[in-house]
Amino acid sequence: MSTTPIALNTYDDSAGLARALAAHVAEALRGRIARDGSASLAVSGGRTPVAFFEMLSGAPIDWSRVAVTLVDERWVPETSERSNAALVRRHLLQGPASAARFVPLYAGAATPEDGLAAATASVAALPAPFAAVVLGMGDDGHTASFFPGAETLAAAIDPSAPEALIAVRADAAGEPRITFTLPRLVSADTLVLHIEGMTKRAVLERACASGPVEDLPVRAILRARAPVDVMWCP
Ligand SMILES: O=C(O)[C@H](O)[C@@H](O)[C@H](O)[C@H](O)COP(=O)(O)O
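Structural notes on unusual backbone geometry
Then step 1. The omega torsion of the bond from A128 to P129 falls at -10°, within 30 degrees of zero and hence cis.
Then step 2. Within the element layout of this structure, P129 appears in the loop between α4 (112-124) and β6 (132-135).
Then step 3. With omega at -5°, the peptide bond leading from A226 into P227 counts as cis.

If you want it as structure tokens, here you go:
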């Protein structure tokens, strides 16, 4: 049976992982600033990245040259506890990192379909490709908003998707969402899949085995950029 290779880095605990991931992302940002004068970072929402955000926010980087955005957003205002933008403002854009420019994906339109053009225009000004992309993964094998069963999944994971962003609706996603498409994510200088716990490790192992991308959409990332750097702790 064919398997997709990954580069698995294991840490003792969340704090150690967060420290190593923050150092790795900071290095990618500094490298790009040294080369091009500016750099962009796309991060995930959810529960896993909080410790990493807090560690990265204090990193010695010229944050005034960094643009931060989200790999995906739930279509809710920042007053919602489900808002990834609110999470990033609260945990990452603090201290030294408060000097970064934040480019949110949600700007108040009623639906992600309605807000797509405005979000696409905002992200068009980001330094490209991303210096760093940090992805998470759900227990259902989604990453970013590449959800099993989403109508727009095929378009979102198309390696030659012409759009930067796409609207997503899926039962498993809860609210409607917006996500960067596969080519915008996998073209990053540095890409890390950041996961914690035995359940996600087991999902990752299944994702590395052969099988349809639609069942475990994280396969789209693993296969497009093998071997993907995975940072994991139990
Ligand atoms: O908005 C989101 O939900 C995400 O960006 C998503 O892709 C996330 O990374 C995974 O769902 C993992 O989430 P947890 O870290 O909460 O398990």
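Structure's up, so let's keep going.
A closer look at the pattern of salt bridges
Then step 1. Applying the stated criterion across every chain, the model contains nine salt bridges.
Then step 2. In this structure, R35 engages D189 in a salt bridge whose closest nitrogen and oxygen atoms are separated by 3.4 Å. Separated by 154 residues along the polypeptide, R35 in helix α1 (residues 14-36) and D189 in the loop between α6 (182-186) and β9 (190-196) bring together distant segments of the chain.
Then step 3. Its relative accessible area of 58% is what places R35 among the exposed residues.
Then step 4. The partner of E78 in a salt bridge is R89, with the nearest N and O atoms 2.6 Å apart. Linking E78 in the loop between β4 (72-74) and α3 (84-91) with R89 in helix α3, this pair joins segments that are eleven residues apart in sequence.
Then step 5. Taken together, the shared-partner salt bridges connect R32, R35, D36 and D189 into one network.

So, the confidence of the model for the protein chain
Then step 1. Mean pLDDT over the protein chain works out to 97, with 100% of the residues at or above the 70 mark.
Then step 2. The ipTM for the predicted assembly is 0.95, set against a pTM of 0.98.

As for the sheet that holds β9
Then step 1. Reading across from one edge, β1-β10-β9-β6-β2-β3-β5 is the order of the seven strands in this open sheet, with parallel pairing throughout. Two strands close off the open sheet at either side, each with one partner strand: β1 (6-10) and β5 (101-103). Averaged over neighbouring strand pairs, the angle between their axes works out to 20° when direction is ignored.
Then step 2. Two elements, β9 and strand β10 (residues 228-233), share five bridges in a ladder whose sense is parallel. Bridged to I195 within β10 is W232.

The rules behind the values
Residues numbered from 1 in each chain as written. Predicted model: local features only at pLDDT ≥ 70, side-chain atom pairs only at ≥ 80, totals over all residues. Heavy atoms only, no water. Helix = DSSP H or I, 4+ residues; strand = E, 2+ residues; numbered from the N terminus. Salt bridge = Lys/Arg side-chain N within 4 Å of Asp/Glu carboxyl O. Buried < 20%, exposed > 50% of the residue type's maximum accessible area, 1.4 Å probe, protein only. pLDDT = per-residue confidence, 0-100. Pairing = 2+ DSSP bridges. Axes fitted to C-alpha atoms, helices over the stretch in contact; angles between N-to-C directions.

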